[in-house]
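Working through the structure, step by step
Here are the chains, one letter per residue:
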Amino acid sequence: VFEQVSVFMTDNLKQPHGKPLKPEERHQVVLDYLKKIDKPATVFHLRWSEPALLSPKVLTTTPAFWYLRYGWNRKMVEDMFFLSQIEVDYALEKSFDEVFGGGYKGKRWVDTS
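The rules behind each value
- Residues numbered from 1 in each chain as written.
- Predicted model: local features only at pLDDT ≥ 70, side-chain atom pairs only at ≥ 80, totals over all residues.
- Heavy atoms only, no water.
- Helix = DSSP H or I, 4+ residues; strand = E, 2+ residues; numbered from the N terminus.
- Buried < 20%, exposed > 50% of the residue type's maximum accessible area, 1.4 Å probe, protein only.
- Contact = heavy atoms within 4.5 Å.
- Areas by Shrake-Rupley, 256 points an atom, 1.4 Å probe, with all protein chains shown as cover.
- Expected span 1.5 Å × (residues − 1).
- Phe/Tyr/Trp six-rings, centres within 6.5 Å; stacked < 30°, edge-to-face > 60°.
- pLDDT = per-residue confidence, 0-100.
- Core = buried A, V, L, I, M, F, W, Y, C linked by side-chain atoms within 4.5 Å.

Here we look at the overall build of the protein
For the protein, the helix and strand inventory stands at six helices and zero strands. The order of α-helices and β-strands along the protein, N terminus first, is α-α-α-α-α-α. With 113 residues in all, the protein has 41% of them scored as buried. A separation of at least 24 residues holds for 63% of the contacts in the protein among residues at least 6 apart in sequence. Entry remark: accessible area of the protein is about 6,800 Å², with carbon and sulfur atoms responsible for 55%.

Listed below in structure tokens is the structure:
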């Protein structure tokens, strides 16, 4: 898992090819990304606690303003979603636009399954 995560995190955010992440792999990708950006997992405090896995449901139901409140910028949030292979739907995008302002022009994960 660590080798796969390293490829995701060092390959300039290119869309990973191959199989979708398993829940355990996604969890590790998110934890590694939090470490990389030096942010604690407290942003998920009302949605998640160990030993549960950080799932797409946890990430997508965390209110956008919590990310801002805990010092994240939009690129950090979008990169986390991209690396963990979670698609940003219309409603989530609009909440990010409202909290962070403007549209996002960076890379996004596209669910092809």
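Additional details are given in the paragraphs that follow.
Some thoughts on unusual backbone geometry
The omega torsion of the bond from Glu50 to Pro51 falls at 15 degrees, within 30 degrees of zero and hence cis. Looking at where Pro51 falls in the secondary structure, it is placed in the loop between helix 2 (23–36) and helix 3 (56–61). The phi dihedral of Asp38 is positive, around 60 degrees, even though this residue is not glycine. Taking relative accessible area as the criterion, Asp38 reaches 66% and is therefore assigned exposed. At Gln85, a residue that is not glycine, the phi angle is positive and equals roughly 55 degrees. Looking at the secondary structure, you find Gln85 in the loop between helix 5 (74–83) and helix 6 (90–100).

Some remarks on helix 2
With 14 residues, helix 2 extends 20 Å between its outermost C-alpha atoms, agreeing within 8% with the 20 Å of an ideal straight helix rising 1.5 Å per residue. For helix 2, the set of buried residues is Glu25, Arg26, His27, Val29, Val30, Asp32, Tyr33 and Leu34. Downstream of helix 2 by a residue or two, Asp38 has a phi angle that is positive, lying close to 60 degrees.

Description of the packing of aromatic side chains
The full count for this structure, using the stated rule, is six aromatic pairs. Here the aromatic rings of Phe44 and Tyr67 are separated by 6.2 Å at their centres, their planes lie at 80 degrees, and the arrangement is edge-to-face. Here Phe44 is found in the loop between helix 2 and helix 3, whereas its partner Tyr67 is found in helix 4 (residues 64–69), with 23 residues between them in sequence. Accessibility expressed as a relative area gives 0% for Phe44, which makes it buried. Taken together, the ring pairs connect Phe44, Tyr67, Trp72, Phe81, Phe96 and Phe100 into an aromatic cluster.

What about the confidence of the model for the protein?
Mean pLDDT over the protein: 83, with 78% of residues reaching 70 or higher. Per-element confidence in the protein is highest for helix 2, whose mean pLDDT is 96, and lowest for helix 1 (residues 2–10), whose mean pLDDT is 42. Every residue in residues 1–13 is under pLDDT 50, and counting partners more than four places away or in other chains gives 22 contacts.

Points about the side chain of Arg26
With respect to the helices, strands and loops of the structure, Arg26 is situated in helix 2. If sequence neighbours within four positions are ignored, Arg26 has contacts with Leu21, Leu54, Pro56, Ser84, Gln85 and Ile86.

Regarding the nonpolar core
Ranked by internal contacts, the top residues of the largest apolar core, which has 26 residues, are Phe44, Leu59, Tyr67, Trp72, Met80, Phe81 and Phe96. Listing elements by their share of this core, those giving two or more residues are helix 2, helix 3, helix 4, helix 5 and helix 6. Sort the elements by how many residues they give to this core and helix 5 lands first, with six residues.

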